[in-house]
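Descriptive analysis of the structure
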Amino acid sequence: MVKWRDGDGRLRSGQVEVELEVAASYRARTRGLLGRAGVKGALLLTPAGSVHTFRMQFPIDVAYLDRRFRVVAMTTMAPNRLGLPRFRSRHVLEAEAGVMVGWGLRVGSVVELWQGPRSAGPENS
């Protein structure tokens, strides 16, 4: 089992690999993407089962992941919306609207996530 901490990491979906920011502490999860004009790569909120976009400046793609990092639901949210809780969700990925489709992400996909340098590889294959 991975012990997540705030910081940088990587996400792999199929052949696509992108930068990942991890928000594992209460403070980091609460801040999320608030006050930002965009996000490079993706933000992982962990643990998380729902999100909101109040006071956000841009629409986002949201992927809800179960404990095995399988996508159980996806949506695109405009600013100032409240997302429905997803009870099987243990983690939430957020990215700029439209990019997750380009990564090949869909319900049922399994993503690899890890923290640390690229050479470290996935911690949870």
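As a reminder, the structure under discussion sits directly above these lines.
These remarks concern the structure in this document. Predicted model, so just to flag it, every value in this text is computed and none were measured.

Scoring rules and cut-offs
- The numbers attached to residues start from 1 for each chain and follow its sequence in the written order.
- pLDDT decides what is reported in this predicted model: residues at 70 or higher carry local features, side-chain atom pairs at 80 or more are listed and counted, and totals for whole chains, interfaces and linings draw on all residues regardless.
- Side-chain measures were taken over the full set of non-hydrogen atoms in the model, leaving aside hydrogen atoms and water.
- Burial classification: accessible surface area is computed with a 1.4 Å probe over protein chains only, and a residue below 20% of its type maximum counts as buried, one above 50% as exposed, and the rest as partly exposed.
- By the criteria applied, helices consist of DSSP H or I runs no shorter than four residues and strands consist of E runs no shorter than two, each listed in order from the N terminus.
- Strand pairing follows a simple DSSP-based rule, namely that at least 2 bridges must link the two strands.
- Among buried residues, those of type Ala, Val, Leu, Ile, Met, Phe, Trp, Tyr and Cys that are joined through side-chain atoms within 4.5 Å constitute a nonpolar core.
- When a carboxyl oxygen of Asp or Glu is within 4 Å of a side-chain nitrogen of Lys or Arg, the pair counts as a salt bridge.
- For patch detection, residues must exceed 30% relative accessible area and be free of salt bridges, and they are connected within 9 Å for like charges or within 5 Å for nonpolar side chains (Val, Leu, Ile, Met, Phe, Trp, Tyr).
- Areas reported here follow the Shrake-Rupley algorithm with a probe of radius 1.4 Å; residue values treat only the protein chains shown as occluding.
- Counted as positive: Lys and Arg. Counted as negative: Asp and Glu. His and the chain ends are not counted at all.
- In this description, the location of a charge corresponds to atom NZ of lysine, CZ of arginine, CG of aspartate or CD of glutamate.
- Note on contacts: a residue pair qualifies if any of its non-hydrogen atoms lie within 4.5 Å across the two residues.

1. Quick notes on the pairing of strand β6 (residues 91-96)
Counting buried positions along β6 gives 5 out of 6 residues, so the element sits mostly inside the fold. As defined by bridge partners, strand β4 (residues 60-65) adjoins β6 across 6 bridges and the pair is classed as antiparallel. Note that in β6 the partner of L65 across the bridge is H91.

2. Brief notes about the nonpolar core
Soluble globular proteins tend to pack their nonpolar side chains together in the buried interior. Core analysis: the biggest nonpolar cluster contains 19 residues, and L20, L44, L65, L93, W103, L105 and L113 have the highest contact counts within it. Here this core takes 3 residues from strand β2 (residues 16-23), the largest share from any one element. Counting 17 residues, the second largest nonpolar core, distinct from the first, contains V39, L45, M56 and I60.

3. Some details on the pattern of salt bridges
If the charged atoms of two oppositely charged side chains come close together, the side chains can form a pair. Scanning the model with the defined rule gives 5 salt bridges in all. Two residues, E19 and K40, come together in a salt bridge whose shortest N-O distance is 3.5 Å. In this pair, E19 is assigned in strand β2 and K40 in the loop between α1 (26-31) and β3 (42-45), connecting sequence segments 21 residues apart. With a relative accessible area of 37%, E19 lands in the partly exposed category. The partner of R36 in a salt bridge is E21, and the shortest N-O contact between them spans 2.9 Å. One end of the pair, R36, is in the loop between α1 and β3; the other, E21, is in strand β2, with 15 residues separating them in the sequence. Residue classification places R36 among the buried residues on the basis of a relative accessible area of 17%.

4. Thoughts on a positive patch on the surface
A cluster of basic residues, R67, R68, R70 and R90, forms a positive patch at the surface. Mapped onto the elements of the fold, R68 is located in the loop between β4 and β5 (71-77). Residue R68 is classed as exposed on the basis of its relative accessible area of 65%.

5. Some details on the environment of V107
Considering the arrangement of structural elements, one finds V107 in the loop between α2 (99-102) and β7 (112-115). On a C-alpha basis, the gap between V107 and L82 in space is 20 Å, while along the polypeptide they are 25 residues apart. If we ignore the near neighbours within four places in the chain, the residues touching V107 are V71, V72, A73 and M74.

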